[in-house]
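Examination of the molecular architecture
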Amino acid sequence: MRIVLVLEYDGSNYCGWQSQSESCAIQDAVEKALSAIAKEDIRIVTAGRTDAGVHAFYQVVHFDTLTSRPLSAWVRGVNAFLPEDISILWAGEVPDDFHARYSAVERRYLYFLLNQSARPGIHHNKVGWFHVPLELETMQAAGKLLVGEHDFSSFRAAECQAKSPVRTITHLNIVRQGNLVVFDLRANSFLHHMVRNIIGCLVYIGKGKYPADWIDELLQHRNRTFAAPTFSAAGLYLAGVRYDPSWLIPEFSDFPIISNGVLR
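Residues numbered from 1 in each chain as written. Predicted model: local features only at pLDDT ≥ 70, side-chain atom pairs only at ≥ 80, totals over all residues. Heavy atoms only, no water.

1. Things to note about the side chain of His 55
How we decide: Helix and strand assignments follow DSSP, with helices taken as H or I runs no shorter than four residues and strands as E runs no shorter than two, numbered in order from the N terminus. Type-normalised accessible area, obtained with a 1.4 Å probe on protein chains alone, sets the label of each residue: buried when under 20%, exposed when over 50%, and partly exposed for intermediate values. Identification of polar contacts relies on pairs of N or O atoms within 3.5 Å, with a donor-acceptor requirement for protein atoms, meaning one able to donate a hydrogen and the other able to accept it, and with residues adjacent in sequence counted only if both atoms are side-chain atoms. Only heavy atoms matter for contacts: two residues are in contact if any of them lie within 4.5 Å across the pair.
As for its placement among the helices and strands, His 55 is situated in strand E3 (residues 55-64). Note on His 55: relative accessible area 1%, which makes it buried. Reaching out from His 55, the side chain makes a polar contact with the side chain of Asp 10 at a distance of 3.2 Å. Discounting chain neighbours no more than four positions away, the residues touching His 55 are Tyr 9, Asp 10, Gly 11, Ser 12, Asn 125, Lys 126, Ala 234, Leu 236, Tyr 237 and Leu 238.

2. Considerations on the packing of helix H3 (residues 136-144) against helix H4 (residues 194-206)
Applicable threshold: Only the contacting stretch of a helix is used when fitting its axis, a line to C-alpha atoms as for every element, and angles between N-to-C directions run 0 to 180 degrees. Roughly parallel means an angle under 35 degrees; roughly antiparallel means over 145; roughly perpendicular covers 65 to 115; every other angle is labelled oblique. Take the far helix as the reference: if the near one is turned anticlockwise from it by less than a right angle, the crossing is left-handed, and if turned clockwise, right-handed. Residue type decides the class: Asp, Glu, Lys and Arg count as charged, Ala, Val, Leu, Ile, Met, Phe, Trp, Tyr, Cys and Pro as nonpolar, and the leftover types, Gly among them, as polar.
Following both chains from N to C, one finds H3 and H4 inclined at 140°, their axes separated by 8 Å at the closest point. Relative to H4, H3 is oriented oblique. Read as a crossing pair, H3 and H4 show a hand that is right-handed. For the pair H3 and H4, the contacting residues are Thr 138, Met 139, Ala 142 and Gly 143 in the first and Leu 202, Val 203, Ile 205 and Gly 206 in the second. Across the contact of H3 with H4, the residue classes break down as five nonpolar, three polar and no charged.

3. A word on the packing of H4 against helix H5 (residues 214-221)
Interaxial distance between H4 and H5 falls to 11 Å at its minimum, and their mutual angle equals 145°. Two packed elements cross with a definite hand, and for H4 against H5 that hand is right-handed. Touching Cys 201, Tyr 204 and Ile 205 of H4 are Trp 214, Ile 215 and Leu 218, all from H5. Residue composition of the contact of H4 with H5, grouped by class: six nonpolar, no polar and no charged.

4. Comments concerning the nonpolar core
Rule in force here: We define a nonpolar core as any set of buried Ala, Val, Leu, Ile, Met, Phe, Trp, Tyr and Cys residues linked to one another through side-chain atoms lying within 4.5 Å.
Counting residues in each nonpolar core, the largest one holds 80 residues, and the members touching the most others are Trp 74, Phe 155, Phe 183 and Tyr 243. Among the elements that make up this core, the one with the highest residue count is H4 (eight residues). Discounting chain neighbours no more than four positions away, the residues touching Trp 74 are Ile 3, Leu 5, Leu 34, Ile 37, Ala 38, Phe 63, Thr 65, Thr 67, Arg 69, Ile 88 and Ala 91. The next biggest cluster of nonpolar side chains, apart from the first, holds nine residues, and it includes Leu 110, Val 127, Leu 180 and Val 182.

5. Re helix H1 (residues 26-38)
Counted only if it meets this: For a helix, the expected span equals 1.5 Å multiplied by the residue count minus one.
Taking 1.5 Å of rise per residue, the 13 residues of H1 would be expected to cover 18 Å, and the 18 Å separating its terminal C-alpha atoms lies within 8% of that figure. Turning to H1, its buried residues are Ile 26, Gln 27, Asp 28, Ala 29, Val 30, Glu 31, Ala 33, Leu 34, Ser 35, Ile 37 and Ala 38. Next to the buried residues of H1 lie strand E1 (2-9), E3, helix H2 (71-79) and strand E4 (86-94). Just beyond H1, the residue with positive phi is Lys 39, at close to 60°.

6. As for the environment of Ala 157
Its location among the elements puts Ala 157 in the loop between strand E7 (148-151) and strand E8 (166-177). When the C-alpha atoms of Ala 157 and His 192 are compared, they prove to be 5.5 Å apart, with 35 residues separating the residues in sequence. If we skip the residues at most four places from it in the chain, Ala 157 touches His 192, His 193 and Asn 197.

7. Section: the state of the cysteines
Counted only if it meets this: Disulfides are defined in this document as cysteine sulfur pairs within 2.5 Å.
Tallied over the full model, the rule gives one disulfide. At a sulfur-sulfur separation of 2.0 Å, the disulfide partner of Cys 15 is Cys 24. Its S-S torsion of approximately 95° makes the covalent link between Cys 15 and Cys 24 right-handed. The exposure class of Cys 24 is partly exposed, given its relative accessible area of 26%. For Cys 201, which is in no disulfide, the shortest distance to another cysteine sulfur is to Cys 160 and amounts to 15 Å.

8. Some thoughts on the packing of aromatic side chains
Basically, it comes down to this: Ring pairs are drawn from Phe, Tyr and Trp, using the six-membered ring of Trp, whenever the two centres fall within 6.5 Å, and their geometry is named by plane angle: stacked under 30 degrees, edge-to-face over 60, tilted for the rest. Two thresholds decide whether a charge sits over a ring: the Lys NZ or Arg CZ must be within 6 Å of the ring centre and within 35 degrees of the ring normal.
In total, this model carries 13 aromatic pairs according to the counting rule given. Here Tyr 109 and Phe 190 contribute two aromatic rings whose centre-to-centre distance is 5.2 Å and whose plane-to-plane angle is 90°, an arrangement assigned as edge-to-face. Of the two residues, Tyr 109 sits in strand E5 (residues 104-115) while Phe 190 sits in the loop between strand E9 (180-187) and H4, which places them 81 residues apart along the sequence. No difference in accessibility class separates Tyr 109 from Phe 190, as the two residues are buried. Taken together, a centroid distance of 6.2 Å and an interplanar angle of 25° make the contact between Tyr 204 and Tyr 210 stacked. Put simply, the rings of Phe 57, Phe 112 and Tyr 237 touch in pairs and so form one group of aromatic residues. Looking at Lys 207, its charged tip hangs above the ring of Tyr 204, at a distance of 4.6 Å from the centre.

As structure tokens, this is what we get:
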């Protein structure tokens, strides 16, 4: 049978999602816990890999198993074998043609940026930080230029393995709550480091280094060397993966550390 899981994690203590020989990845911890419950070797497929230090409110994986267990075992049972900073939220059985990555129609990322002169303490590793005041309206105007289908070569990592740099951003919203700036991005899929590179460029615009229409220049250049440096991973969260409703996979809208865009 094929099982699908929704999970959340704090990526601070891991070398990223993808399994590594040092067993330092989130995938390593999840596969080890699943294998303990299934009493067989389990390998999982994810909706999207996250980098070292990136977190998730809503990550999706699937795996195949010959072992029959109640769905509660794939949640509470697996959680008993997982570190405290990784948690299975939901489990379901799906047809064999479901694929966590290829069946997804949209991904959502949130980036939390603390915009104040002093670095974060309590929220260390949970938010990005920039010490110079940022102009919200200018960043919002720049963000609108990224919505739609574009060649995002200027915003992809050099090591990105995607066959095409063309992606479609369906939503990019930026709000400020006190000293916290929240970036909400949704797309059919994202290139390697694409969100963090976009945040870096928007911060450059917000601090006044470039005007909003610099984004148009970057899109036309299609060259990563013209853009801003990759921004910190600390404030980045995979916040949702959307599927066709026929798969019956729940969509979660409440996040554990925010309320109306504000860190709790």
